[in-house]
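Next come the chains, spelled out residue by residue.
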Amino acid sequence: MEPAALDVDVQWHLLARMIPFVENNYNVCELGPRGTGKSHIYKECSPNSILVSGGQTTVANLFYNMSTRKVGLVGMWDLVAFDEVAGISFKDKDGVQIMKDYMASGSFARGREQMEASAGMVFIGNINQSVESLVKTSHLLAPFPDAMIDSAFFDRFHAYVPGWEIPKMRPEFFTDRYGLIVDYLAEFYREMRKRSFADSIDKYFKLGNNLNQRDVIAVRKTTSGLLKLLFPHGEFEKEDVRQCLEYALQVRRRVKEQLKKIGGMEFYDVHFS
């Protein structure tokens, strides 16, 4: 991508799309218009990620097949991205429940087995009406299927990337300068999953008291992911951490704001600091 052709905010959003590659068990959603390259990165930029096109999916396929005793997609890939969230439906009634369990803890139980996996969950979808009208009439998570519209499920999202702020891809957004070969990039992503920069915040900052434990985990993961992408050598200053932290607070707060709209007094603390 050519940074000179993109706004600073857009550059941050494009970086945020890559966090699930470098951060274990990272859950993110991005809803926005068509043609902004949402699903492309998960399909083409790493052989370790899989893009599941919308439609029916099963617990056996995603988590564990009890008849063949094989682990599903979350055990085989670094990240599982769902394209077209509006079309996702589980054949099993407990599908969303198991997904919630997995997104919170990175482990799930099937039959007698308790399994752990490190795959992140990415939800991508299109917003068909304008964001302004969506904000007025309902909430920004409305495109999800009814079975998933559940505040406990959305509370497990570490970030919500505003896809409507990213422009539709045009030739001038691609650079004429050097880029990274995808094979190299994918190996870098995989290597960075073994490291963690989550405690980098503590050296310089203390989070405000409106963040509950889930918010703190989300903000730490996002900050860690951004630092891995921008400063893989692990050398960064206070200002570097501040920029990543402010973005992390912004994308987690968007989730919290929508939870408040869906309903629930428990989500009233949205004054992140």
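**Student:** Looking at this structure, how should I read the sheet that holds strand β2 (residues 49-52)?
**Tutor:** Strand pairing in a sheet is mediated by backbone hydrogen bonds. Such pairs are either parallel or antiparallel. Spatially, five strands are ordered β2-β6-β10-β1-β11 in an open sheet, and the strand pairing comes out parallel. Two strands close off the open sheet at either side, each with one partner strand: β2 and β11 (159-162). Taking the axes of each pair of neighbouring strands and ignoring which way they run, one obtains an average angle of 20° across the sheet.

**Student:** Sorry, what's going on with helix α9 (residues 182-192) here?
**Tutor:** Since the α-helix packs 3.6 residues into each turn, any two residues three or four apart lie on the same face. Among all positions of α9, only L185, A186, Y189 and M192 are buried. Seen from one end, α9 has its buried residues packed into an arc of 130°, which puts them on one side. Structural note: α9 exposes D183, Y184 and E187 on the side pointing more than 90 degrees away from its buried face. In this structure, the buried residues of α9 make contact with α2 (19-22) and α11 (213-230).

**Student:** Where do I start with the pairing of strand β8 (residues 107-110) in this structure?
**Tutor:** It is a general feature of regular strands that their side chains alternate between the two faces of the sheet. Relative to strand β9 (residues 113-116), β8 runs antiparallel, the two sharing four bridges. Bridging across to β9, R110 finds its partner in E113. Following β8, the chain reverses through two residues before pairing antiparallel with β9; G111 in that reversal takes a positive phi of roughly 60°.

**Student:** Looking at this model, I keep getting lost on the pattern of salt bridges. Mind explaining?
**Tutor:** Two side chains bearing opposite charge may form a pair once their charged atoms approach each other closely. The final tally for this structure, using the stated rule, is 17 salt bridges. The salt bridge involving D78 is made with R193; its shortest N-O contact spans 3.9 Å. Here the residue D78 occupies a position in the loop between α5 (73-76) and β6 (79-82), and R193 occupies one in the loop between α9 and α10 (200-204), the gap between them amounting to 115 residues. D78 gets classed as buried once you look at its relative accessible area, which sits at 8%. For R193, a relative accessible area of 8% corresponds to the buried category.

About the cut-offs
- Within each chain, residues carry numbers counting from 1 in the order of the written sequence.
- Restriction of local features to residues with pLDDT of at least 70 applies here, the model being predicted, together with a cutoff of 80 or more for giving and counting side-chain atom pairs; totals for whole chains, interfaces and linings are based on all residues.
- Excluding hydrogens and water, the side-chain figures rest on all heavy atoms present in the structure.
- For two strands to be treated as a pair, DSSP must find no fewer than two bridges joining them.
- Runs of E in the DSSP output that reach at least two residues are strands. Runs of H or I that reach at least four are helices, and both are numbered from the N terminus.
- Here the axes come from fitting lines to C-alpha atoms, over the contacting stretch only for helices, and the angles between their N-to-C directions go from 0 to 180 degrees.
- The buried label applies to any residue whose accessible area, calculated with a 1.4 Å probe on protein chains only, is under 20% of its type's maximum; exposed applies above 50%, and partly exposed to all values in between.
- What the arc describes is the spread of directions from the helix axis to the C-beta atoms.
- Any two residues whose heavy atoms approach within 4.5 Å are treated as being in contact.
- A side-chain nitrogen of Lys or Arg and a carboxyl oxygen of Asp or Glu constitute a salt bridge if their distance falls within 4 Å.

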